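Read off the chains here:
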Amino acid sequence: MKMKSNLSAFLLLFLLLVGQSLCAKAGFPPLKNSMLKWLKRGKKPPKPEWDSEIYDFLRQKSSPPQQNQPTKGLSRIKDYFSNFGYLQSSGPFDDYWDLQTVSAIKTFQRSFHLQVTGTVNNQTIQLISRPRCAVPDMDFNYNFTDNVSWPKAGPQWFQKRNLTYGFLPASEIPANATKVFRDAFARWVNATGFFNLTETTYDDADIKVGFYTFTEGVDDDLFGLSFIREKPPSNKKTAEIRLNGNMYWALPSENDSLSWEDGILDLESVAIHEIGHLLGLDHSFMNESVMYPYVLSSQQRKIELSNSDKNNILQQHSGAKSGYCGSWEVLVITTLSLGFGYMVLLA
């Protein structure tokens, strides 16, 4: 296995490539443009499930690592921790325990304030089984590869206060859902006091929003991602938010029906999270933050910015309040960014 100095860029490229042969070789589920799924009361969809290899492993729970014999499903666990930046190697992986894997699990457990055991114990299983954002948590870079990059803390992809957003026509997002996004943008605007966000057509928008459908696999538990795209030769930069059309998305009025176990997520909570990435915030390991990467049972609707969220966004754009002069003074914050594992998107 080679060390993954550029693995995150490689994964993001996988995420965006249209090549069917690459998809087939990697075994990653393709996505397609999707109509938005709405909750139908009394008819909940089945919970997206990890494949049988993952469940074979999870059933073993916290069994002590056996270095001299394979643990069925461990290769998929390694994939998981590799894609989110904890395991410093790229696949293909085997089913044997090694010191790198134990260290990666410990780093994950320490980051999320879990019991640090180096095994996939009950606490770890409960967390990695929940829906999460696809942006990696750590050990990834922000460089553009084939004109795409993860969003990042630090220098911004935009240098203006007036930003526009638009919705992918193929997603057929209704007005009551676009209002949810409008409200989510407004929460960040109010926290900074200097952005203007207006709706325009998808093609002309600075921030493009769409829903895409997973067709198979563990990645059904990823609720979405955000990324930056630059267009040569001008290298004009735009941003995209791509949400999982396999999830059922609930409006604020349907708060009592939220159920991450059944794939029913709060649309505004996820919108706020992905917008936060595009405005310069990484993932937070503080579970009260809207930038926490997982959906927790006790926080299935999380739309109020925490004090740390407000402080971080103000730090990111502290130079803008004194007036825009072509570039912004930006302070690099130390919260780590989480990301989206592996997916291939078909536009």
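Residues numbered from 1 in each chain as written. Predicted model: local features only at pLDDT ≥ 70, side-chain atom pairs only at ≥ 80, totals over all residues. Heavy atoms only, no water.

In the annotation of an unreviewed UniProt entry, the entry for the chain reads Peptidase metallopeptidase domain-containing protein, and the organism field reads Phaseolus vulgaris.

Quick look at the overall build of the chain now. The helix and strand inventory of the chain stands at 9 helices and 11 strands. A buried classification covers 57% of the 347 residues belonging to the chain. (Helix = DSSP H or I, 4+ residues; strand = E, 2+ residues; numbered from the N terminus. Buried < 20%, exposed > 50% of the residue type's maximum accessible area, 1.4 Å probe, protein only.)

Residues F81, Y86, F108, F112, W188, I207 and W249 are the most contacted members of the largest nonpolar core, which totals 75 residues. The dominant element in this core, judged by the number of residues it contributes, is helix α7 (residues 175-192), at 8 residues. Counting the residues that make up this core, at least three belong to each of domain 1 (52-129) and domain 2 (162-316). (Core = buried A, V, L, I, M, F, W, Y, C linked by side-chain atoms within 4.5 Å. Domains from an automatic or database assignment.)

Now for the UniProt feature "active site" (unreviewed entry) in the chain. The UniProt record annotates "active site" (unreviewed entry) at E274. Following the sequence through the fold, E274 ends up in helix α8 (residues 267-278). You can call E274 buried: its relative accessible area is 0%. Discounting residues that sit within four places of it in the chain, E274 has contacts with C133, F223, G224, L225, S226, I241 and L243. (UniProt positions renumbered as here; feature names shortened; annotations may be inferred. Contact = heavy atoms within 4.5 Å.)

Here we take up the packing of aromatic side chains. Tallying each qualifying case throughout the model produces 17 aromatic pairs. Summarising the aromatic geometry, the rings of F81 and F108 are spaced 5.1 Å apart at their centres and angled 70° between planes, so their arrangement reads as edge-to-face. In this pair, F81 sits in helix α4 (residues 74-83) while F108 sits in helix α5 (residues 99-111), placing the two residues 27 residues apart along the sequence. According to the relative accessible area criterion, F81 is buried, its value standing at 2%. Residue F108 is classed as buried on the basis of its relative accessible area of 0%. Pairing F112 with Y294 gives two aromatic rings, centres 5.5 Å apart and planes at 80°, and the pair type is edge-to-face. (Phe/Tyr/Trp six-rings, centres within 6.5 Å; stacked < 30°, edge-to-face > 60°.)

Let us now look at the packing of α7 against helix α9 (residues 307-316). For any two helices packed against each other, the geometry comes down to the angle between their axes and how far apart the axes lie. Close contact between α7 and α9 brings their axes to 9 Å; oriented N to C, the two are set at 70°. If you check the angle between α7 and α9, you find them roughly perpendicular. As α7 runs across α9, the sense of the crossing is right-handed. Along the contact surface, α7 presents W188, A191 and T192, while α9 presents D309, I313 and L314. Looking at the contact of α7 with α9, its residues break down into 4 nonpolar, 1 polar and 1 charged. (Axes fitted to C-alpha atoms, helices over the stretch in contact; angles between N-to-C directions. Parallel < 35°, antiparallel > 145°, perpendicular 65-115°, else oblique. Left-handed = near helix turned anticlockwise from the far one by under 90°. Nonpolar A, V, L, I, M, F, W, Y, C, P; charged D, E, K, R; others polar.)

Overall, the coordinates contain 14 salt bridges when judged by the stated rule. Here E230 and K237 are joined by a salt bridge, their closest N and O atoms 3.5 Å apart. Under the relative-accessibility criterion, E230 is labelled buried at 15%. E240 serves as the salt-bridge partner of R242, at 2.9 Å between the closest nitrogen and oxygen. (Salt bridge = Lys/Arg side-chain N within 4 Å of Asp/Glu carboxyl O.)

What follows is about the environment of S129. Structurally, S129 is set in the loop between α6 (122-128) and β2 (132-133). A relative accessible area of 17% places S129 in the buried class. For S129 and D221, which are 92 residues apart along the polypeptide, the C-alpha to C-alpha distance reads 7.7 Å. Reaching out from S129, the side chain makes a polar contact with the backbone oxygen of I125 at a distance of 2.7 Å. (Polar contact = N/O pair within 3.5 Å; in protein donor to acceptor, adjacent residues only side chain to side chain.)

Strand β4 (residues 162-167) sits mainly inside the fold: 5 of its 6 residues count as buried. Alignment of β4 against strand β5 (residues 196-199), held across 4 bridges, turns out to be parallel. Each bridged residue has a counterpart across the sheet, and for N162 the counterpart in β5 is N196. For the crossover that starts at β4, traverses α7 and ends in the parallel β5, the hand is right-handed. (Pairing = 2+ DSSP bridges. Right-handed = clockwise from strand over helix to strand, strands pointing away.)

Next up on the list: unusual backbone geometry. P233 follows P232 through a cis peptide bond whose omega is 5°. Residue placement: P233 occurs in the loop between β7 (222-231) and β8 (236-244). Its identity is not glycine, yet E172 carries a phi of approximately 50°, on the positive side. Within the secondary structure layout, E172 lies in the loop between β4 and α7.

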